[in-house]
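# Structural overview
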Amino acid sequence: MTTNDFYDRILGLRVLRTYRDEPLSDSLIERLLEAARWTGSSKNLQNWSFVVVDGDQKDRLAACGDFTGPLRAAPSALALVEEVGGYEFDTGRVAQNVMLAANSLGIASCPITLHREDEVGSVLGLPDGTRCRYAIALGYPADDAEPARFGGRKPMDEIAYRNRHGEPW
């Protein structure tokens, strides 16, 4: 993949919420875990861990959030656990790496917020001091899978500034 191909893949990444009823192989999931593992982190502390979730356990995890239809529909999910001393910013970096890696492997993904952290901890058996607020639904895209159409992107002059907020870029 050339640099432009990678840049285009970043700009073209879209969330897909419908999946084929086909499990992901362990070797594909291991590749996603490897992409997660190699994500940069604050001070290189790597204060994270990952729980691969499928089957009935995935449905129990989905019950910990409010908008988890894609999680229920996907054959697999990756729960992103923030270990003691972890940073939510690093969790976001991991999520984006996993989603880009999944896209490059032909796997669709959708980030999911888990609103009831105490329940998540119980479902996943998390140790005290850890938290899991996010998961990523993963699966092969359904034949009719398309991104939701909520519009494009805000114009650059509405989001990018120079030196001070409100100063034109």
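Residues numbered from 1 in each chain as written. Predicted model: local features only at pLDDT ≥ 70, side-chain atom pairs only at ≥ 80, totals over all residues. Heavy atoms only, no water.

## Some details on the environment of Val-98
- Take Val-98: it is sitting in helix H5 (residues 88–104).
- With a relative accessible area of 0%, Val-98 lands in the buried category.
- With residues near it in sequence (within four places) discarded, Val-98 still touches Leu-32, Ala-36, Leu-78 and Ile-136. (Helix = DSSP H or I, 4+ residues; strand = E, 2+ residues; numbered from the N terminus. Buried < 20%, exposed > 50% of the residue type's maximum accessible area, 1.4 Å probe, protein only. Contact = heavy atoms within 4.5 Å.)

## Some remarks on helix H3 (residues 55–62)
- The set of residues buried in H3 consists of Lys-58, Leu-61 and Ala-62. Take H3 and look down its axis: the buried residues cluster within an arc of 100°, on one side only. (Arc of directions from axis to C-beta.)

## Structural notes on the pairing of strand E4 (residues 131–139)
- As paired elements, strand E2 (residues 76–82) and E4 share six bridges and run antiparallel to each other. Note on E4: the bridge partner recorded for Ala-77 is Ala-137.
- Here strand E3 (residues 108–113) pairs with E4 via six bridges, running antiparallel. When the sheet's bridge partners are listed, Ser-109 is paired in E4 with Leu-138. (Pairing = 2+ DSSP bridges.)

## Here we look at empty space enclosed by the protein
- Taken as a whole and judged by the stated rule, the model has one cavity of 30 Å³ or more.
- Taken as a whole, the largest cavity encloses approximately 50 Å³ of empty space.
- What lines the largest cavity is simply Leu-24, Ile-29, Leu-32, Leu-33, Val-52, Ser-76, Ala-77, Leu-78 and Leu-138.
- At the level of secondary structure, the elements contributing two or more residues to the lining of the largest cavity comprise helix H2 (26–37) and E2. (1 Å grid on protein atoms, 1.4 Å probe; cavity = no way out; pocket = protein on both sides within 12 Å on 5 of 7 lines; lining within 4 Å. Points joined across faces, edges and corners; volume = space filled by probe spheres on them.)

## Some points on the side chain of Ser-41
- Among the secondary structure elements, Ser-41 is positioned in the loop between H2 and strand E1 (48–54).
- Under the relative-accessibility criterion, Ser-41 is labelled buried at 11%.
- A polar contact is formed between the side chain of Ser-41 and the backbone nitrogen of Gln-46, at a distance of 2.9 Å.
- Residues within four places of Ser-41 in sequence aside, it is in contact with Gln-46, Trp-48, Asp-90 and Arg-93. (Polar contact = N/O pair within 3.5 Å; in protein donor to acceptor, adjacent residues only side chain to side chain.)

## As for the nonpolar core
- Leu-61, Leu-71, Leu-114, Val-120, Leu-124, Cys-132 and Ala-137 are the most contacted members of the largest nonpolar core, which totals 21 residues.
- Secondary structure elements with two or more residues in this core: H3, E2, E3, helix H6 (117–124) and E4.
- With residues up to four places along the chain from it excluded, the contact list for Leu-124 reads Val-51, Val-53, Gln-57, Leu-61, Ala-79 and Cys-132.
- Membership of the second largest hydrophobic core comes to 20 residues, among which are Leu-13, Val-94, Ala-102 and Ile-136. (Core = buried A, V, L, I, M, F, W, Y, C linked by side-chain atoms within 4.5 Å.)

## Details of the sheet that holds E1
- Judged by pairing direction, the sheet is antiparallel, and its four strands sit side by side in the order E1-E2-E4-E3 without closing on themselves. Across the chains shown, the open sheet's two edge strands, defined by having one partner strand only, are E1 and E3. In this sheet, adjacent strand axes meet at a mean angle of 25° when their direction is disregarded.
- The sheet contacts of H2 involve E1, E2 and E4, and relative to E1 the element is tilted by about 160°.
- Sheet strands in contact with H6 are E1, E2 and E4, and its direction is about 65° off that of E4. (Axes fitted to C-alpha atoms, helices over the stretch in contact; angles between N-to-C directions.)

## What to know about the confidence of the model for the protein chain
- Looking at the protein chain, the pLDDT average stands at 92 and 96% of residues meet or exceed 70.
- Here helix H1 (residues 3–12) is the element of the protein chain with the lowest mean pLDDT, 80, and E2 is the one with the highest, 98. (pLDDT = per-residue confidence, 0-100.)

## Details of the pattern of salt bridges
- In this structure the tally under the stated criterion is seven salt bridges.
- As a salt-bridge pair, Glu-34 and Arg-37 come within 2.7 Å of each other at their nearest N and O atoms. On the criterion of helical spacing, the pair formed by Glu-34 and Arg-37 is a turn pair, its members being three residues apart in helix H2.
- Taking relative accessible area as the criterion, Arg-37 reaches 43% and is therefore assigned partly exposed.
- The shortest N-O distance in the salt bridge between Glu-119 and Arg-116 comes to 3.7 Å.
- Here the salt bridges do not stand alone but share partners, grouping Asp-66, Arg-116 and Glu-119 into one network. (Salt bridge = Lys/Arg side-chain N within 4 Å of Asp/Glu carboxyl O.)

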